[in-house]
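The chain contents come next:
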Amino acid sequence: PEVDAAVSLVSAHPGVREVMVRRQRQLAANSNIVMVGRDIGTTVLPTAPAKLWLTASPETRAERRLVEQEAGFGGTTPEEVVAGLAHRDTYDAGREASPLRQANDAIVIETDGKTIERTVHDALAEVEKRLPPSRARTVRGELDP
């Protein structure tokens with residue numbers, strides 16, 4: 001929880017973002033890679049062939065966060081989690097360095113009511129449409145719900 005609470009504050013510093021963006025681009029330069037982050041599709045890898053933007057209602061996000069926290073971080077109410085997520089989204093969207101924004105060409109996947117397996121299945125199907133066949137290697141048989 002301490003790290004999660006500090007991520008937005010630390011990542012808002014332009015110097016931190018500059019170093020991180022450079023390192024993330026180096027990682028992606030010579031390999032097929034999946035990256036997760038609030039500025040990957042707009043700042044770090046704006047020319048990536050496939051970008052995903054996963055969405056869920058505030059209630060679904062709060063339920064998922066509470067499940068993550070159950071392993072010893074109880075005591076937080078759903079209302080507090082929703083408020084915390086909303087605060088972080090607003091803060092990240094308004095920061096000067098690499099703000100939270102959906103890329104214009106992002107594939108939007110609504111995840112309310114979906115299992116992780118269903119979400120991965122849908123994401124793979126969308127990514128495969130955008131990659132040349134030689135790069136669209138997946139383990140679809142193992143992931144189909």
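Structural data are supplied above this passage.
The structure contained in this document is the topic of the report that follows. (Residues numbered from 1 in each chain as written. Predicted model: local features only at pLDDT ≥ 70, side-chain atom pairs only at ≥ 80, totals over all residues. Heavy atoms only, no water.)

**Thoughts on the environment of Glu-128**
As a reminder of what qualifies: In this description a helix means any DSSP run of H or I spanning at least four residues, a strand means any run of E spanning at least two, and both kinds are numbered starting from the N terminus. Exposed residues in this analysis have more than 50% of their type's maximum accessible area, buried residues have under 20%, and partly exposed residues fall in between, with area computed by a 1.4 Å probe over protein chains only.
Within the secondary structure, Glu-128 sits in helix H6 (residues 116-130). For Glu-128, a relative accessible area of 27% translates into the label partly exposed.

**Remarks on the pattern of salt bridges**
Using the following cut-off: In what follows, salt bridge is the name for a side-chain nitrogen of Lys or Arg lying within 4 Å of a carboxyl oxygen of Asp or Glu.
Counted according to the given criterion, the structure contains eight salt bridges. A salt bridge links Lys-51 to Asp-105; its shortest N-O distance comes to 2.7 Å. Within this pair, whereas Lys-51 is found in the loop between helix H3 (40-44) and strand E1 (52-55), its partner Asp-105 is found in the loop between helix H5 (78-94) and strand E2 (107-110), the two being separated by 54 residues in sequence. Here Arg-118 and Asp-122 are joined by a salt bridge, their closest N and O atoms 3.1 Å apart. Placement of the pair is Arg-118 and Asp-122 together in helix H6, with a separation of four residues, close to one helical turn. Through salt bridges with shared partners, a single ionic network connects Arg-38, Arg-61 and Asp-89.

**Some thoughts on the pairing of E2**
Cut-off, in case you're wondering: Whether two strands pair depends on DSSP finding at least two bridges between them.
Judged by which residues are buried, E2 turns out to be one-sided: Ile-107 and Ile-109 face inward and are buried, whereas Val-108 and Glu-110, on the alternate face, are not. Relative to E2, E1 runs parallel, the two sharing four bridges. Bridge pairing in E2 links Thr-55 to Glu-110.

**Here we look at the side chain of Lys-51**
Filter applied, for reference: Each polar contact in these results corresponds to two N or O atoms within 3.5 Å; when the atoms are within protein, one needs to be able to donate a hydrogen and the other to accept it, and residues that are neighboring in sequence are counted only if both atoms are side-chain atoms. Contacts: residue pairs with any heavy atoms within 4.5 Å of one another.
By relative accessible area, Lys-51 is classed as buried at 8%. A distance of 2.7 Å separates the side chain of Lys-51 from the side chain of Asp-105, its partner in a polar contact. Setting aside anything within four residues of it in sequence, one finds Lys-51 in contact with Gly-41, Leu-45, Pro-46, Ala-103, Asp-105, Ala-106 and Ile-107.

**Description of a nonpolar patch on the surface**
To be explicit about the condition: Within the patch definition used here, like charges are joined within 9 Å and nonpolar side chains (Val, Leu, Ile, Met, Phe, Trp, Tyr) within 5 Å, considering only residues with over 30% relative accessible area and no salt bridge. Here the open area of atoms and residues is found with the Shrake-Rupley method and a 1.4 Å probe, where only the protein chains shown may cover a residue.
A surface patch of nonpolar side chains, about 390 Å² in accessible area, is lined by Leu-9, Val-10, Val-16, Met-20 and Tyr-91. Elements with a minimum of two residues in the nonpolar patch: helix H1 (2-11) and helix H2 (14-29). Locating Met-20 in the fold gives a position in helix H2. Overall, Met-20 belongs to the partly exposed group, its relative accessible area being 35%.

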